[in-house]
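# Tertiary structure, described
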Amino acid sequence: MLKKLFIKDYKNVSDPGVRIRYGVVAGAFGIATNVVLFLIKLLIGLLANSITIIADAINNLSDAGSSIFTMVGFKLSNRPADKDHPYGHARYEQITALLVAILVLCIGILFAKSSVDKIISPQELNISLATFVILIIAVALKLIQMLTYLDFAKAISSEAIKAAAMDSRNDIITTVSVLVSMVVMRIFEINIDGWVGLAVSIFVIFSAIGMIRELISGLLGTPPTQEQVDGIYHLFDGHDEIIGHHDLIIHSYGAGATFASLHAEFDSAGNITHIHDIIDNIEREARSKLGIALTIHMDPVDVSNPRRHKLYELALEAVKKYNPEIMIHDFRLVEGPTHTNVLFDIVEPFGESYDIDRIKEILSEAFSKEEGTYYFVINVDKKMD
């Protein structure tokens, strides 16, 4: 309903303007619902003299502030690239989500302090039927809020709105905990208000730390998705002129600002103009179909040289004796009057470390039967996919 009422052409999520409207509507919805929750919880918390309910109310007020962050972040993230920020401003959205997570952490710490004070100096509670009714309404409203955020976040792949959804989930757990504690205190006439508030605060703190860790990881740079990798590789299907590709690197500066580079091998005896035209078309397809700015480096390979082919197979067989999973690329020969340099790249997964000296020893043994002197120059690439 919110999409249809407030987001024109809401299904066209690839449009930056539509994306901004998603963020603004999500922010406005969050402000309205959280202010309502703050007012009713604050009222019932004051009447019941419950630090847990009052803390929960303040948490909703902080959520309203988070929604303002979300709106501002979406506005800033849509600013066009400029000379100081040539890759655009899309990461403002991630920064906004990080600010929301930090705010949640601060609120959790304040809750913990207030709860400890309440444990040390407990006060009499005034729990009524209205207390339970208000808390049940709050849970229902927060559930609607969380589901709305999740739907919006999924529609536009937004980390900021996803963070807001996770915060709403925390609030549901918090309010349910408060509700259960009120029931326990009403039935058994024991005051566990401070202890429940402390437990809820600890949960909020750890949840916020998890969000902060995840968002910082995203800002530092995370591996590309398998869908992105497969999507780029599929662009080469049907182009027999491209005999191989390697060194794919994908890095993102936020939604709608993903860049990639890749090396494509082709027969050096082929028509360069024709190959270049194919490369241009693949780059355009990457932009139109995947939303990725792809740059392809052309690697000519002398496939008609029998000596090069023989030595390539010999080198590949040798490195596989060290590790059957190793693949080599960018294989080339630099021949001189006294020796030949054999150069190639291997791909090393993150977390592993190949013994390059040992690989060279195996290569030397394999090439010892070949005429001439050979030296090996091996470049190690880290596996990105």
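Remember, it's a predicted structure, so these values are computed and weren't measured experimentally. (Residues numbered from 1 in each chain as written. Predicted model: local features only at pLDDT ≥ 70, side-chain atom pairs only at ≥ 80, totals over all residues. Heavy atoms only, no water.)

## Here we look at the sheet that holds strand β4 (residues 328-335)
Sheets are built from strands paired through backbone hydrogen bonds, the pairs being either parallel or antiparallel. Strand order in this open sheet of three strands is β4-β5-β6, and the pairing throughout is mixed. Each edge of the open sheet is held by one strand with a lone partner, namely β4 and β6 (374-382). Across the sheet, the mean angle from the axis of one strand to that of its neighbour is 15°, orientation sign disregarded. Lying over the sheet, helix α11 (residues 356-367) contacts β5 (340-348) and β6, oriented at roughly 140° with respect to β6. (Pairing = 2+ DSSP bridges. Helix = DSSP H or I, 4+ residues; strand = E, 2+ residues; numbered from the N terminus. Axes fitted to C-alpha atoms, helices over the stretch in contact; angles between N-to-C directions. Contact = heavy atoms within 4.5 Å.)

## Some remarks on α11
When the terminal C-alpha atoms of α11 are compared, their 16 Å separation across 12 residues agrees well with the 16 Å that a helix rising 1.5 Å per residue should span. Residues Ile-356, Ile-359, Ile-362, Leu-363, Ala-366 and Phe-367 constitute the buried set of α11. Down the axis, α11 shows its buried residues gathered within 130° of arc, on one side only. Projecting away from the buried face of α11 at angles above 90 degrees are the exposed residues Asp-357 and Glu-365. (Expected span 1.5 Å × (residues − 1). Buried < 20%, exposed > 50% of the residue type's maximum accessible area, 1.4 Å probe, protein only. Arc of directions from axis to C-beta.)

## Side note on unusual backbone geometry
The phi angle at Asp-9 is positive, at roughly 55°, despite the residue not being glycine. Secondary-structure assignment places Asp-9 in the loop between α1 (2-6) and α2 (16-48). Residue Asp-9 is classed as partly exposed on the basis of its relative accessible area, which comes to 47%. Backbone geometry places Asp-330, a non-glycine residue, at a positive phi of 55°. Tracing the backbone shows Asp-330 in strand β4. Classification of Asp-330 as buried rests on a relative accessible area of 15%.

## Description of the environment of Ile-134
Tracing the chain through its elements places Ile-134 in helix α5 (residues 129-156). Distance in space between the C-alpha atoms of Ile-134 and Ile-7 is 31 Å, their sequence separation being 127 residues. Those residues in contact with Ile-134 that lie beyond four places of it in its chain are Ile-40 and Ile-44.

## Overview of the UniProt feature "transmembrane region" (unreviewed entry) in the protein
Summarizing the sequence annotation, UniProt attributes the feature "transmembrane region" (unreviewed entry) to residues 20-44, 95-112, 127-150, 171-188 and 194-212 in the numbering used throughout. With 100% helix and 0% strand, the stretch residues 95-112 has end C-alpha atoms that lie 26 Å from each other. Across residues 171-188, helical content stands at 100% and strand content at 0%; the span's end C-alpha atoms are separated by 25 Å. (UniProt positions renumbered as here; feature names shortened; annotations may be inferred.)

## Focus: a nonpolar patch on the surface
Together, Phe-69, Ile-95, Leu-99 and Ile-102 make up an exposed nonpolar region whose accessible area comes to about 300 Å². Mapped onto the elements of the fold, Ile-102 is located in helix α4 (residues 92-120). On the basis of relative accessible area, Ile-102 is assigned to the partly exposed category, the value being 35%. (Patch = residues over 30% accessible without salt bridge, like charges linked within 9 Å, V, L, I, M, F, W, Y side chains within 5 Å. Areas by Shrake-Rupley, 256 points an atom, 1.4 Å probe, with all protein chains shown as cover. Salt bridge = Lys/Arg side-chain N within 4 Å of Asp/Glu carboxyl O.)

## Thoughts on the pattern of salt bridges
This structure, assessed with the given rule, holds seven salt bridges. For Asp-151, the salt bridge identified is with Lys-3, shortest N-O distance 2.7 Å. Taken as a pair, Asp-151 in helix α5 and Lys-3 in helix α1 lie far apart in primary sequence, 148 residues in all. The class of Asp-151 is partly exposed, set by a relative accessible area of 37%.

## Things to note about the sheet that holds strand β3 (residues 292-301)
Sheet architecture is open: three strands sit in the order β1-β2-β3, paired in mixed fashion. Both edges of this open sheet fall to β1 (242-252) and β3, since each of them pairs with a single strand only. Put simply, the sheet's adjacent strands are angled 15° from each other on average, direction ignored. As paired elements, β1 and strand β2 (residues 258-267) share eight bridges and run antiparallel to each other. Within the sheet, the bridge partner assigned to Ser-252 lies in β2 and is Thr-258. The strands touched by helix α9 (residues 272-290) within the sheet are β1, β2 and β3, with β3 carrying the most contacts at an inclination of about 155°.

## Focus on the confidence of the model for the protein
Across the protein, pLDDT averages 83, with 97% of residues at or above 70. Mean pLDDT in the protein bottoms out at helix α3 (residues 51-77), which sits at 75, and peaks at α11, which reaches 92. (pLDDT = per-residue confidence, 0-100.)

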